[in-house]
Amino acid sequence: MAPDDRLKRARDQALRSVDALAGGRVLVAGDFLLDRYLVGQATRLSREAPVVIIEHESDDTSLGGAGNAARNVRALGGEPIPLGLVGRDREGERVVELLRAAGIDTRGMLRDPERRTVTKTRILAGAANTVRQQVLRIDRGREYGASRIDHLVRRARALVSDVDAVLLSDYGYATLAPAVRSCLIQAARNRNIPSCADSRYRLSEFQGVTVATPNEEELAGVLGRVLRSDADVTAAGEELLSRLNARAMVVTRGSRGMSVFEGAGHCRNIPPARLGEVADVTGAGDTVASALVLALAAGTDVLGAAMLANAAASVVVGRRGAATAVPEEVVRALEAWTVRA
């Protein structure tokens, strides 16, 4: 079968799988962050210093990190079950409020009095009648205390027995400590349900997952090398797949689409589903991981699940900020890919 024929069959399977995403229960474990946005109009330079004065227009908060992954699972029709830590502060309260407002069960969310909730404040500004652009980001908070790890492991064991998949969303704040991630990965293997690792900095530590979803930069970083060509990406992908002892790996490559690895010598490239302008890639990795593991839980094979995730990501990168895609939008994106295939 020609490569294009395999992709067309995978796309057809992805289309058939969209309805099957509904009701899939995904344990979303990891670093739950609060994203804060301060928006204003740039008016003039200050006389106090060579800086722009921004007249405040609005502010907003949203779920970041694993919280955004949970939002994506919900938008696609799944049922996310969060497992994570926030501080015992106003920001932590807001994270829990936002989860509940989205109709997401919060019994797996624990509070850590030793740390502040990780909060990323983005300041967006622009001239009148122009799109507001990010001009500054302020991060607050750090790794959560080890005193809560035993509590997380106990909660993980209680929750993982009643889900269809596990998504490990690691943003580098130590919620997924070794005891937590090994508990979840082993439980998923024992129950024969898919697990997905989406790790910004420590992907090599997630051995035994079903699938991993690094972007090209993360793949290069975890192996400590520069990837200059398609051949470099293929070799690196096969090496990391072997190291992880995973069933598959999906490497997101921006304008080049995705590379899907299923063992040595089995790399297939999926062209990007979006041909138009990309507005913002923020949170696109959360969308890919969420759609992929939800599709695998619904019985879709790896290539079909990757095709579905590719379509979902094409929707969110056309919007500003961390966005989500609903099933109808995924179907339209897959159908649009059909025309070009």
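Residues numbered from 1 in each chain as written. Predicted model: local features only at pLDDT ≥ 70, side-chain atom pairs only at ≥ 80, totals over all residues. Heavy atoms only, no water.

Chemist: Just to check I follow, could you spell out the pairing of strand β5 (residues 119-126) for this structure?
Modeler: Consecutive residues of a regular strand have side chains that alternate between opposite faces of the sheet. The buried count for β5 comes to eight of eight residues, which makes it a mostly enclosed element. Neither face of β5 is left uncovered, since the one carrying T119, T121, I123 and A125 and the one carrying K120, R122, L124 and G126 both have all their residues buried. As paired strands, strand β1 (residues 25-45) and β5 are joined by eight bridges and run parallel to one another. Pairing of R36 across the sheet is with T121, part of β5. With seven bridges connecting them, β5 and strand β6 (residues 133-140) associate as antiparallel partners. (Buried < 20%, exposed > 50% of the residue type's maximum accessible area, 1.4 Å probe, protein only. Helix = DSSP H or I, 4+ residues; strand = E, 2+ residues; numbered from the N terminus. Pairing = 2+ DSSP bridges.)

Chemist: Would you mind going over the pairing of strand β11 (residues 258-261) with me for this structure?
Modeler: Of the two faces of β11, the one lined by M258 and V260 and the one lined by S259 and F261 are each fully buried. Summarising the sheet, strand β10 (residues 248-252) and β11 pair through four bridges and their orientation is antiparallel. Counterpart to V250 in the pairing with β11 is V260. Once β10 ends, the chain turns through five residues before running back antiparallel as β11, passing G254 with a positive phi of about 60°. Two strands pair when backbone bridges link them, and β11 and strand β12 (residues 267-270) are joined in this way by four bridges, in the antiparallel orientation. Within the sheet, the bridge partner assigned to S259 lies in β12 and is N269. Taking the residues that link successive antiparallel strands as the turn, the β11-β12 hairpin has five residues, and the phi of G263 there is positive, at about 100°.

Chemist: Which parts of the structure should I look at to understand helix α7 (residues 230-244)?
Modeler: Since one α-helical turn is 3.6 residues long, residues separated by three or four positions face the same way. Here α7 is 15 residues long and its end C-alpha atoms lie 21 Å apart, about the 21 Å a rise of 1.5 Å per residue gives. When α7 is considered as a whole, its buried residues turn out to be V233, A236, G237, L240, L241 and L244. Projection of α7 onto a plane perpendicular to its axis shows the buried side chains occupying an angular sector of 135°, all on one side. Set apart from the buried face of α7 by more than 90 degrees, the exposed residues are A231 and S242. In this structure, the buried side of α7 is in contact with β9 (211-212), α6 (216-223), β10 and β11. Where α7 ends, the next residue or the one after it, N245, has phi of about 55°, a positive value. (Expected span 1.5 Å × (residues − 1). Arc of directions from axis to C-beta. Contact = heavy atoms within 4.5 Å.)

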